[in-house]
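Summary of structural features
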Amino acid sequence: MSELITLDYPINVNGEVITEIKLRRPTVKDMKNIDKQGGTELEQAIAMMANLSGLSQQAIEHIDGADFTKVSEVIADKFFRH
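It should be emphasised that the depicted structure is a prediction, and the values quoted were computed from it without experimental measurement.

1. Describing the pattern of salt bridges
Under the definition given, this model contains three salt bridges. A salt bridge links Asp8 to Lys70, with the shortest nitrogen-to-oxygen separation between them at 3.4 Å. In this pair, Asp8 sits in strand 1 (residues 2-13) while Lys70 sits in helix 4 (residues 65-80), placing the two residues 62 residues apart along the sequence.

Here it is, written out as structure tokens:
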């Protein structure tokens, strides 16, 4: 199962306009790797979003703050709170 989130503020990644982000469900390995990586909570959220979407961390850093919050909430609510 995956989740498709429409961005309110599309981003440009290598000349391609990204209007949606498709997230796959996280595995235990994803969670373990993020925990091992360390860093701030924000850095870990960026890394998790990149892993689940297939986008680079640099692309994730260009997402509008409101869209970042929306995607983060989907990750937290749909994938971790069941």
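We are not done yet, so read on.
2. Digging into the environment of Ala50
Within the secondary structure, Ala50 is located in helix 2 (residues 41-53). Spatially, the C-alpha atom of Ala50 lies 15 Å from that of Asp35, the residues being 15 residues apart in sequence. Those residues in contact with Ala50 that lie beyond four places of it in its chain are Leu55, Ser56, Gln57 and Ile60.

3. Remarks on the pairing of strand 1
Of the pairings in the sheet, the one linking strand 1 to strand 2 (residues 16-24) comprises eight bridges and is antiparallel in character. When the sheet's bridge partners are listed, Ile5 is paired in strand 2 with Ile21. Hairpin connection of strand 1 to strand 2: two residues between the antiparallel strands, including Asn14 at a positive phi of 50 degrees.

4. Some thoughts on the environment of Glu61
Take Glu61: it is sitting in the loop between helix 3 (57-60) and helix 4. Judged by relative accessible area, Glu61 falls into the exposed class, the value being 54%.

5. Thoughts on the nonpolar core
Core analysis: the biggest nonpolar cluster contains 23 residues, and Ile21, Leu23, Met49, Ile60, Ile63, Val71 and Ile75 have the highest contact counts within it. For this core, the secondary-structure elements that each account for two or more residues are strand 1, strand 2, helix 2, helix 3 and helix 4. The leading source of residues in this core is helix 2, at six residues. Beyond its immediate stretch of four places on either side in the chain, Met49 contacts Leu23, Ile60, Ile63, Phe68, Val71, Ser72 and Ile75.

6. Brief notes about the side chain of Ser53
If you trace the backbone, Ser53 turns up in helix 2. Here Ser53 falls in the buried class, since its relative accessible area comes to 18%. In this view, Ser53 contacts Ile21, Lys22, Leu23 and Ile60; residues no more than four positions away in its chain are not counted.

Rules of the game
Residues numbered from 1 in each chain as written. Predicted model: local features only at pLDDT ≥ 70, side-chain atom pairs only at ≥ 80, totals over all residues. Heavy atoms only, no water. Salt bridge = Lys/Arg side-chain N within 4 Å of Asp/Glu carboxyl O. Helix = DSSP H or I, 4+ residues; strand = E, 2+ residues; numbered from the N terminus. Contact = heavy atoms within 4.5 Å. Pairing = 2+ DSSP bridges. Buried < 20%, exposed > 50% of the residue type's maximum accessible area, 1.4 Å probe, protein only. Core = buried A, V, L, I, M, F, W, Y, C linked by side-chain atoms within 4.5 Å.

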